[in-house]
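# Topology and contacts: notes
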Amino acid sequence: MHVRCPDRLPEDLYRQVLEQMAQLSPVVQALPPTAALADLRGVLRYHGVDATRLGEMLRVRAISRLGVDVRVGIGPSITVAATASGQITGLGGVLAIAPDQVTDWLGPLPVEALHGIGPRHAKILNDYGVHCIGLLAALPPATVQRLMGGRAGRQAADRARGIDPRPVVPRTLPATASIHRAFDRHTLDGAAVRAVLLDMVVALALQLRRRSQAARGLTLTLRFAGGATWDKTRRLTEASAHEDDLRTMAYRLIDAAGLQRGRITALTLKAEDLIAADQIAEQISLDQTREARLLAEEASDRIRAKFGPSAIRPATTLLRVS
């Protein structure tokens, strides 16, 4: 079951929708800011109703208890359920697709309606005359890979055929993640502060990737001698958990502080408005330098997973931080 709440739903109401879902199934995966998944396979017998009825129950409870209407898609896989919820017009509704209906139902839909196909990939497919999901499913997977790229092409070819083995992973995502560093003594050295900030960026990015999350914004807080603080928040162009993107924004934030003779005692870097990493559309990149850095980042993650988080670190500074 894939549930879409209204856009810009306040976080407290979104969390209450998740609570209503948890009353129907113990396996609920939050997809902030306004979507969620629930695995219904183990609860149909318990409730004594079919999946469509559970979707209707959720919608009635959300309206009556929270004043929030939701769109509920139900299907044999995450892709089918999410595509179904996206096809519901109006403020709310329930659309259930049975396993034997998947091929016939998906076929006539435009390719951009398939969950996971972003605008750029849809345009590429349309340019080659692939306007509906049925045509995409009819293409050899190797052809789709050449058009969309390796991983994206494989996923699109499978999902157009209704193949999606991903499970629903129980997860209630925290709204933020943060890294704090305190200096042993007051510092006026801008280069040293910047070096510590880089170390924080690496730690924060690693934390997000381990949680399978991405940040839509960053907040930097500086604490000065005497207790005064300064903070600023900026949104990223696209949600990301990559060190390159977070470092660029973090440096813009520290530059905006206009530090001259401020005696800094601590830094806090917070990732804001987190979303699940699998919600980010993957785009084809022609920037070979960036692609090389992302490959190095993946290798670094594997090394840290095997030998510990301190196996790879930025160049050390003379300052000791805690």
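So, a few notes on the structure that sits alongside this text. Fair warning: this is a prediction, and the values are worked out from it, not measured in the lab.

The next point concerns the overall build of the chain. Helix and strand counts for the chain come out as twelve helices and ten strands. Burial analysis of the chain (322 residues in total) assigns 42% to the buried set. Put simply, of all contacts in the chain between residues at least 6 apart along the chain, 65% involve residues at least 24 apart. About 16,800 Å² of surface is accessible on the chain, with carbon and sulfur atoms providing 51% of the total.

In this approach a probe as big as a water molecule rolls over the atoms, and the regions it shows empty are the leftover space. Reported here for the second largest pocket is a volume of approximately 450 Å³. Around the second largest pocket sit 25 residues that line it, and Met1, Arg41, Gly75, Pro76 and Ser77 are the ones nearest its centre. Contributing elements (two or more residues each) for the lining of the second largest pocket: β3 (35–38), α3 (51–66) and α4 (78–86). Tallied by class, the residues present in the lining of the second largest pocket amount to 17 nonpolar, three polar and five charged.

Moving on, we come to the side chain of glutamine 20. Inspection of the secondary structure puts glutamine 20 in helix α1 (residues 11–22). Setting aside residues no more than four positions away along its own chain, glutamine 20 makes contact with Leu58, Arg61, Arg65 and Leu66.

Let's shift gears to the pairing of strand β9 (residues 264–272). With seven bridges joining them, strand β6 (residues 177–187) and β9 adopt antiparallel strand pairing. Within the sheet, the bridge partner assigned to histidine 180 lies in β9 and is threonine 268. Note that strand β7 (residues 213–224) and β9 share eight bridges and pair antiparallel. Each bridged residue has a counterpart across the sheet, and for glycine 217 the counterpart in β9 is glutamate 272.

Another point: the nonpolar core. Grouped together as the largest cluster of nonpolar side chains are 28 residues, with contacts concentrated most on Leu208, Leu218, Leu267 and Leu269. Those elements that place two or more of their residues in this core are β6, α10 (190–210), β7, α11 (243–256) and β9. Sorting elements by how many residues they give to this core places α10 first, with eight residues. Sequence-distant contacts of leucine 208, defined by excluding residues within four places in its chain, comprise Ala177, Gln213, Ala215, Ser240, Ala241, Leu246, Ala271 and Leu274.

What follows covers the environment of alanine 266. Relative to the assigned elements, alanine 266 resides in strand β9. Taking the relative accessible area as the measure of exposure, alanine 266 reaches 6% and is therefore buried. For alanine 266 and methionine 1, which are 265 residues apart along the polypeptide, the C-alpha to C-alpha distance reads 45 Å. Non-local contacts of alanine 266, meaning those with residues more than four positions away in its chain, are made with His180, Arg181, Ala182, Phe183, Thr221, Leu222 and Arg223.

Rules used throughout
Residues numbered from 1 in each chain as written. Predicted model: local features only at pLDDT ≥ 70, side-chain atom pairs only at ≥ 80, totals over all residues. Heavy atoms only, no water. Helix = DSSP H or I, 4+ residues; strand = E, 2+ residues; numbered from the N terminus. Buried < 20%, exposed > 50% of the residue type's maximum accessible area, 1.4 Å probe, protein only. Contact = heavy atoms within 4.5 Å. Areas by Shrake-Rupley, 256 points an atom, 1.4 Å probe, with all protein chains shown as cover. 1 Å grid on protein atoms, 1.4 Å probe; cavity = no way out; pocket = protein on both sides within 12 Å on 5 of 7 lines; lining within 4 Å. Points joined across faces, edges and corners; volume = space filled by probe spheres on them. Nonpolar A, V, L, I, M, F, W, Y, C, P; charged D, E, K, R; others polar. Pairing = 2+ DSSP bridges. Core = buried A, V, L, I, M, F, W, Y, C linked by side-chain atoms within 4.5 Å.

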